[in-house]
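Spelled out from the first residue to the last, the chains are:
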Amino acid sequence: MGVRGSWERTARGAMLLGDDGALRPTIFAEMSALAVATGAINLGQGFPDEDGPSEVLEAARQAISDGVNQYPPGRGLPVLREAIAEHQERFYGIRVDPDREVLVTAGATEALAASILALTDEGDQIVAFEPFYDAYAAVAALARAELVTVPLRSPGFQPDLDELRAAITDRTRIILVNSPHNPTGAVFGREVLELIVELAHQHDAIIVTDEVYEHLTFGVEHVPVASLTGAADRTITISSGGKTFSTTGWKVGWLVAPPHLLEPVLAVKQYLTYVNGAPFQPAIAAGLRLPDRYFLEAAATLQRKRDILSAGLDAAGFEVGSPDAGYFVIADAAPLGAVDAAAFCRALPELAGVAAVPVTAFVREQNRADYAALVRFAFCKREDVLERAVAQLVGLSR
Ligand code: PMP
Ligand code: GLN
């Protein structure tokens, strides 16, 4: 039980507690704990079960040996900021000033939190696409901003352009984009991104774009919002080394933004974490400078894993989506008789020795009926682990 008191009605931290005042772990923590407790294969929380490139791991070891162990500068070590700027130019032709337009953060999560806290006032609207990554609603609530959502519907999970137009108004302060998208694996079409930029201009909104899966696309081009005409000056682009280099536990992320947006975000960030992870910063810099081959192979490997898991889920009786990117596939468990994905996911470790995450965890209560039986499975796991999971899941329909 949490501590109860009169402060609880208004305190920001208490808002994130459950109705009974107790801490509610995130769905990822809950399902990972269930997987550990039951010995189930964890296809819930999105983290790879293999290490990333040895050059990156070795660079971190070297940095520790070399004494890179004290507070780095507030904006991040120059070597990483320069590598981020080079990366933006090399992959997208976007030129940024590493000294003024790049900020290293404690994962993409801190970049998101600092951006929202810095740039919204109480009552401002944030427009996001639902389902959305769980931190979006939590941080919006901490900022006392109002979350307005545009639905993404199966199949395809692309936003409807008219619904997008209707959602963005003069009250919109931030348009929060996530493409490639978690949990659906959708990559927003260029016409969607162009409309977002147009509407941001029309209503003087800021675009915050979470592009952590930028390199994990399967035959589909990733178009950074900031690369579109007229976007860069009002866009904060967020990414992270976690997904690209299989180092989710290092929590090295960053944002790229024009100085007039970056400075207030830095002002907030310096009191959230001040700085983060000194020896991991040169290591992620080494990763960003790896040859193209690394990035292509990482995506190709993941695509193979997607295909193994998708085929297996299909054989097990799920109706399976076809993600164009990311770590996850959405599967409808309704053909297996499921009506409530959360209950299904709580039972799945016992039933099949596999953990997954209900898509309803990414959807607000009032909209959950539309996603009732959808389950998210992670395929960022070894192929033999996926094969084993699939073999166990096939038993479900028998
Ligand atoms: N945004 C999205 C869409 C994510 O999926 C994740 C993590 N899986 C994050 C942000 C958080 O990234 P980080 O671990 O770098 O904070
Ligand atoms: N982003 C990862 C996922 O979607 C998990 C991150 C977390 O546990 N907060 O599974």
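Only a predicted model underlies this, so the values are computations on that prediction, with no experimental measurement involved.

Caption draft 1: Main features of the site of ligand 1. In the neighbourhood of ligand 1, the contacting residues comprise Gly107, Ala108, Thr109, Tyr133, Asn178, Asn182, Asp210, Val212, Tyr213, Ser240, Lys243 and Lys251. With respect to ligand 1, the side chain of Ser240 contributes an N or O atom lying 2.7 Å from an oxygen atom. Interatomic distance of 2.7 Å between a side-chain N/O atom of Lys251 and an oxygen atom of ligand 1. Out of a free accessible area of 390 Å², ligand 1 has 94% covered by protein chains. Per-element tally for the shell around ligand 1: the top contributor is helix H5 (residues 107–119), with three residues.

Caption draft 2: Spatial organisation of the packing of helix H12 (residues 292–315) against helix H14 (residues 383–394). It is the contact of H12 with H14, at a shortest axis distance of 8 Å, that shows an interaxial angle of 10°. One finds that H12 runs roughly parallel with respect to H14. Contact residues: Arg304, Lys305, Ile308, Leu309, Gly312, Leu313 and Ala315 in H12; Glu383, Leu386, Glu387, Val390, Leu393 and Val394 in H14. Grouping the amino acids of the contact of H12 with H14 by side-chain chemistry returns eight nonpolar, one polar and four charged.

Caption draft 3: Up close: unusual backbone geometry. At the junction of Glu130 and Pro131, the peptide bond is cis and its omega measures out at 10° in the coordinates. Residue position: Pro131 is located in the loop between strand S3 (125–130) and helix H6 (134–143). With a phi angle near 55°, Ser246 is a residue other than glycine that sits in the positive phi range. Checked against the element boundaries, Ser246 lands in the loop between helix H9 (241–244) and strand S8 (252–256). Take Ser246: its relative accessible area is 24%, and that puts it in the partly exposed class. Backbone geometry at Lys251 places phi at a positive 55°, although glycine is not the residue there. With respect to the secondary-structure elements, Lys251 resides in the loop between H9 and S8.

Caption draft 4: Representation of the packing of aromatic side chains within the structure. Tallied over the entire structure, the rule returns 17 aromatic pairs. Between the aromatic rings of Trp250 and Phe280, the centroid separation amounts to 4.6 Å while the plane-to-plane angle is 25°, which identifies the pairing as stacked. Within this pair, whereas Trp250 is found in the loop between H9 and S8, its partner Phe280 is found in helix H11 (residues 280–288), the two being separated by 30 residues in sequence. Classification of Trp250 by relative accessible area gives buried; the value is 17%.

Caption draft 5: Seen up close, the site of ligand 2. Lining the immediate surroundings of ligand 2 are Phe28, Gln45, Gly46, Tyr133, Asn182, Lys243, Phe328 and Arg376. One nitrogen or oxygen atom from the main chain of Gly46 is found 2.7 Å from an oxygen atom belonging to ligand 2. A distance of 2.7 Å is found between an oxygen atom of ligand 2 and a side-chain nitrogen or oxygen belonging to Arg376. Here ligand 2 has 300 Å² of accessible area as a free molecule, and 81% of this is covered by the chains. For the shell around ligand 2, the per-class residue count stands at three nonpolar, three polar and two charged.

Thresholds applied
- Residues numbered from 1 in each chain as written.
- Chains lettered and ligands numbered in written order.
- Predicted model: local features only at pLDDT ≥ 70, side-chain atom pairs only at ≥ 80, totals over all residues.
- Heavy atoms only, no water.
- Near = heavy atom within 4 Å.
- Polar contact = N/O pair within 3.5 Å; in protein donor to acceptor, adjacent residues only side chain to side chain.
- Areas by Shrake-Rupley, 256 points an atom, 1.4 Å probe, with all protein chains shown as cover.
- Helix = DSSP H or I, 4+ residues; strand = E, 2+ residues; numbered from the N terminus.
- Axes fitted to C-alpha atoms, helices over the stretch in contact; angles between N-to-C directions.
- Parallel < 35°, antiparallel > 145°, perpendicular 65-115°, else oblique.
- Contact = heavy atoms within 4.5 Å.
- Nonpolar A, V, L, I, M, F, W, Y, C, P; charged D, E, K, R; others polar.
- Buried < 20%, exposed > 50% of the residue type's maximum accessible area, 1.4 Å probe, protein only.
- Phe/Tyr/Trp six-rings, centres within 6.5 Å; stacked < 30°, edge-to-face > 60°.

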